[in-house]
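Chains, contacts and geometry: an overview
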2 protein chains.
Amino acid sequence: MQLSNSSQYAIRILSYMALEQDSKLLNATQLAATLQIPYKFLTKIMTEVVKAGLVVSIRGREGGYRFEKPTSQIIVSEILKIFNDSIEDKQCVLGIGFCNGVCKCALHDQWMKPKLLMQKMFEESSLADIAGKGCKQ
Amino acid sequence: MQLSNSSQYAIRILSYMALEQDSKLLNATQLAATLQIPYKFLTKIMTEVVKAGLVVSIRGREGGYRFEKPTSQIIVSEILKIFNDSIEDKQCVLGIGFCNGVCKCALHDQWMKPKLLMQKMFEESSLADIAGKGCKQ
DNA sequence: CATAAATACTACTTAAAGGTAGAATTAAAT
DNA sequence: ATTTAATTCTACCTTTAAGTAGTATTTATG
């Protein structure tokens, strides 16, 4: 499954933003302090999120980040894709054991069942779905 | 979940050994060739597996590796522990969101269910269980 | 004993992820 | 216009996993 730190941080940041935001801008300094993420690393992550079009950034004084489309339309798996944490791969636990293109490794079925559940979770959860479910940061 | 290459290789090696072995020794050269694992890396991994007591090694000419206890008594999770791929952690997808010691992160329940299935799989599968289920290498 | 074939040990190299630093750019406010 | 507070860009540093190299040690066999 292999979620990178960047992906995890991005999910935290965006789900927090989805919870807080009333179309007001949230800036990197506040986000970093609130979420306990190193400021410089957060800005690096957010720059990629902006490039991917999930949020827009307003530069300059009084700037920050904001969603432009409803958070119900932002799916968690889109966030993972930004950081190449691809979820769709069919690879199995041992990464081997292909017979005629079909994995037959020893643990295949038992491994793939929970893995597919995780994939489903990421592909069917929007930011709106998950915002507010956790602790207030 | 984070299975390291070493863990994956170790599972492959040991499940292959469980399948092949009639109390005969299997040596690193053969194993590396058969399983397509770099020889030097395989010996490094096997040295740790030996230290952990899962197999015994016979040094010198005609040496090799061999199980001493039945493969039904070697559990997959023991292999993972050798390489610090701990499976028991209660950590959730976002690695945060503890309220009174209980994780309440946004994706907690949906994440933990498949994760627990994977943990169960590793803790309840022995080498005997999985040997022979995959393709012949 | 000498040799050959095996594992074990120590140290190094490489590649990728995680994270940091500093300067450049932007734009509101005064 | 200047200042200030924000994002963005480029480049670097650090840590860890993955893999390699070479030598030492062990032991059956002739």
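Residues numbered from 1 in each chain as written. Chains lettered and ligands numbered in written order. Predicted model: local features only at pLDDT ≥ 70, side-chain atom pairs only at ≥ 80, totals over all residues. Heavy atoms only, no water.

**Describing the overall build of chain A**
Check the secondary structure of chain A and you find six helices and four strands. Ordering the α and β elements of chain A from the N terminus gives α-α-α-β-β-α-β-β-α-α. Counting all 137 residues of chain A, 49% fall into the buried class. Here the analysis covers contacts within chain A between residues at least 6 apart in sequence; of these, 66% occur between residues at least 24 apart. Total accessible area on chain A stands at roughly 7,200 Å², and carbon and sulfur atoms take up 47% of it. (Helix = DSSP H or I, 4+ residues; strand = E, 2+ residues; numbered from the N terminus. Buried < 20%, exposed > 50% of the residue type's maximum accessible area, 1.4 Å probe, protein only. Contact = heavy atoms within 4.5 Å. Areas by Shrake-Rupley, 256 points an atom, 1.4 Å probe, with all protein chains shown as cover.)

**What about the pattern of salt bridges?**
All names here are of chain A. All told, the structure shown has two salt bridges over all chains when counted by the stated rule. Ionic pairing is found between K120 and E124, a salt bridge with its closest N-O pair at 3.5 Å. One end of the pair is K120 and the other is E124, both in helix α5 (residues 108-124) and four residues apart, which spans about a single turn. What makes E124 exposed here is its relative accessible area of 53%. (Salt bridge = Lys/Arg side-chain N within 4 Å of Asp/Glu carboxyl O.)

**Overview of the protein's contact with DNA strand C**
As a structural note, the neighbourhood of DNA strand C is formed by 24 residues, with K40, K44 and G60 of chain A together with A28 and S57 of chain B the closest of them. Expressed as a percentage, the sugar and phosphate content of the atoms of DNA strand C within 4 Å of the protein is 62%. In the environment of DNA strand C, a phosphate oxygen lies 2.7 Å from a nitrogen or oxygen atom belonging to the side chain of S57 of chain B. Take Y65 of chain B: an N or O atom from its side chain is 3.5 Å from a phosphate oxygen of DNA strand C. Class assignment of the residues belonging to the surface near DNA strand C gives a composition of eight nonpolar, eight polar and eight charged. (Near = heavy atom within 4 Å. Polar contact = N/O pair within 3.5 Å; in protein donor to acceptor, adjacent residues only side chain to side chain. Nonpolar A, V, L, I, M, F, W, Y, C, P; charged D, E, K, R; others polar.)

**Focus: the protein's contact with DNA strand D**
Lining the immediate environment of DNA strand D, one finds 24 residues, of which A28 and S57 of chain A together with K40, F41 and R59 of chain B sit closest. For DNA strand D, the fraction of atoms within 4 Å of the protein that belong to sugar or phosphate moieties is 64%. One of the backbone N or O atoms of A28 of chain A is found 2.7 Å from a phosphate oxygen in DNA strand D. Between a phosphate oxygen of DNA strand D and a side-chain N or O atom of S57 of chain A, the distance comes to 2.5 Å.

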